[in-house]
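What the coordinates show
Here's the letter readout for the chains.
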Amino acid sequence: MERALRLCLGTAFLARLAEEGMAVAVVLLALDRTGGAAQGAFLLTAWMAPHIAAAPLAGALAERVRRPALFYVGALGGFAAAVLALAFLTGRAPTVVTLLAAGFGGSCGPVVSGGMSSLVALLVPEGRGRDRAYAWDSAVYNAASVAGPALAGVTAAVASPAVGVAALGVAAAAAALSAGLLLSGPAAPPGALAGAGPKHRLARGSVGPEDGPGRRALRTELRAGVAAVCRVRELRAVTAATCLGFLGLGGLTTTAVLLSAERGRPGDGGVLMTAFAVGALVGALAVDRLWPRVPAERLVGAALLGTGVALAAAATVPSPLLRAALFAAAGLCDGPLLTATLRIRADHAPAGLRTQVFTLGAGLKISAAACGAALTGLATADVSPALLLLVAAALQVAAAGLHHLARRGPTRPPRSVPNSRCPRDDPASPPPGL
């Protein structure tokens, strides 16, 4: 693995460690300082809500800036500043001030999720090497989803919840520094990326005359990014399917806790989610070794279907050990889904819109998960936990069917983007600059 790719994955891990840990850390902090979890729930809502609006804007700006180092360092630095501010403000400052800080941090979130993944396509040329790189990127994401909550929980227990949130802020700040090294330091590829010409240097972020996002109005470019996701068949299919799947998985943590409590083991909810996360990590790592030649489009349907079947079985078994094993199996199937999704976005995003496609796809998924969490919370009073889990499982199966149907539709190139050919359609087209 090249040095630049290793640094990119390390940067992504630090940033995602902070993002994944915040869901636990901010609730623990609010509980510690206010005596209730209500403010923590409001902060999480403010943290996730801006993703859908900020995602296309973040992607468009990343494509337009001439100095991507400043953009990524600024976005990750703002993310870190918001986390550190919440460590101080939560439970002390007026609620509106705390919510504004959380909203600012959430606005930087699309760069942490989709933005960092889009850099992989600029570091590794299309083909087997890029598939392997995205398998590692997916594994990094799943590793952060295991380590982030664990770091927040352990630090809160050993020191205090405020120290736990501050530790996540330090990790995000380290990611900002690492991004600066990646994009403008000695780790950056000397001259060109993956065969790109001198106008595609990573450190300077210039773009060629054909890509030319700087020549188009920002408003036009924002429409073009949305049009790309809607009109390119493979992008449309994977976005619709993963959003439907995440609508079901958004409330999985709540459902796991309630299901365990109903069956007399209230402490097993965390065990189930840890098993799911570890399974997803193993599944992401296994993609490269076990299914290296399976097309990403087939992996999406198989992953969604396998996740749904495993969760449905977990809703019916009485044994706690077997339930944990089935949650791990569900995670094992879910792990390859992210890898396949990243590969599809990289291969089919139109030239000059790749980063926007990544950030928009990630923002839509997070928003769908937030809706799923809210719907699960509203349904807990009237619906049994087992039925909630069956509904989540059914949504995974439905998402697999939706992906199959959506792939049968036509591909319609976005009319507002000149030269919007996909890299797979034209092997000679160079990867776009940042």
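Residues numbered from 1 in each chain as written. Predicted model: local features only at pLDDT ≥ 70, side-chain atom pairs only at ≥ 80, totals over all residues. Heavy atoms only, no water.

What about the confidence of the model for the protein?
For the protein, the mean per-residue pLDDT works out to 79, and 83% of the residues sit at or above 70. In this model residues 189-215 is a low-confidence stretch, pLDDT under 50, and it forms 61 contacts with partners more than four residues away in sequence or in other chains. Considering only residues more than four positions removed or in separate chains, one finds that residues 415-434, a stretch of pLDDT under 50, has 62 contacts. (pLDDT = per-residue confidence, 0-100. Contact = heavy atoms within 4.5 Å.)

Some points on the nonpolar core
Counting 59 residues, the largest nonpolar core has M22, W47, Y72, L76, F79 and L119 as the members making the most contacts within it. For this core, the leading source of residues is helix α4 (residues 68-89), giving 12 residues. Counting 22 residues, the second largest nonpolar core, distinct from the first, contains L337, I344, A349 and L353. (Core = buried A, V, L, I, M, F, W, Y, C linked by side-chain atoms within 4.5 Å. Buried < 20%, exposed > 50% of the residue type's maximum accessible area, 1.4 Å probe, protein only. Helix = DSSP H or I, 4+ residues; strand = E, 2+ residues; numbered from the N terminus.)

Some points on the pattern of salt bridges
For the structure shown, the criterion picks out 4 salt bridges. Note that R130 and D347 form a salt bridge whose closest N and O atoms lie 3.6 Å from each other. Note that R130 is positioned in helix α7 (residues 128-158) and D347 in helix α14 (residues 320-348), a separation of 217 residues in sequence. Each member of the pair, R130 as well as D347, carries the same accessibility label: buried. Ionic pairing is found between E234 and R407, a salt bridge with its closest N-O pair at 3.4 Å. Here the residue E234 occupies a position in helix α10 (residues 233-249), and R407 occupies one in the segment after α16 (385-406), the gap between them amounting to 173 residues. (Salt bridge = Lys/Arg side-chain N within 4 Å of Asp/Glu carboxyl O.)

Section: helix α6 (residues 109-123)
For α6, with 15 residues, the first-to-last C-alpha span of 22 Å sits near the 21 Å given by 1.5 Å per residue. At G115, α6 shows its maximal kink, close to 35°. In terms of burial, α6 is a largely internal element, 15 of the 15 residues being buried. (Expected span 1.5 Å × (residues − 1). Bend = angle between axes of the 7 residues up to and from the residue.)

As for α4
One turn of an α-helix holds 3.6 residues; hence residues three or four places apart share an orientation. Taking 1.5 Å of rise per residue, the 22 residues of α4 would be expected to cover 32 Å, and the 31 Å separating its terminal C-alpha atoms lies within 8% of that figure. Backbone geometry just downstream of α4 places G91 in the positive-phi region, at approximately 80°.

Comments concerning a nonpolar patch on the surface
Taken together, the side chains of V96, V97 and L100 present a nonpolar region at the surface, about 270 Å² in accessible area. Secondary-structure assignment places V97 in helix α5 (residues 95-107). V97 sits in the partly exposed class, given a relative accessible area of 35%. (Patch = residues over 30% accessible without salt bridge, like charges linked within 9 Å, V, L, I, M, F, W, Y side chains within 5 Å. Areas by Shrake-Rupley, 256 points an atom, 1.4 Å probe, with all protein chains shown as cover.)

A word on the packing of α4 against α5
Axis separation between α4 and α5 bottoms out at 8 Å; the angle between their running directions is 155°. It follows that α4 is roughly antiparallel to α5 by the angle criterion. Crossing angle aside, the handedness with which α4 passes α5 is left-handed. Together, G78, F79, A82, L86 and L89 of α4 and V97, T98, A101, A102, F104 and G105 of α5 make up the contact between the two elements. Among the residues forming the contact of α4 with α5, the class breakdown is 8 nonpolar, 3 polar and no charged. (Axes fitted to C-alpha atoms, helices over the stretch in contact; angles between N-to-C directions. Parallel < 35°, antiparallel > 145°, perpendicular 65-115°, else oblique. Left-handed = near helix turned anticlockwise from the far one by under 90°. Nonpolar A, V, L, I, M, F, W, Y, C, P; charged D, E, K, R; others polar.)

Some details on the packing of aromatic side chains
In this structure the tally under the stated criterion is 3 aromatic pairs. Seen in terms of ring centroids, F71 and Y72 are 5.4 Å apart; in terms of plane orientation they differ by 85°. Their pairing is edge-to-face. The exposure classification of F71 matches that of Y72, with both residues buried. Considering the side-chain rings of Y134 and F358, the 6.1 Å spacing of their centres and the 20° angle between planes classify their relative orientation as stacked. Of the two residues, Y134 is situated in helix α7 and F358 in helix α15 (residues 354-379); the sequence distance between them amounts to 224 residues. F358 gets classed as buried once you look at its relative accessible area, which sits at 0%. (Phe/Tyr/Trp six-rings, centres within 6.5 Å; stacked < 30°, edge-to-face > 60°.)

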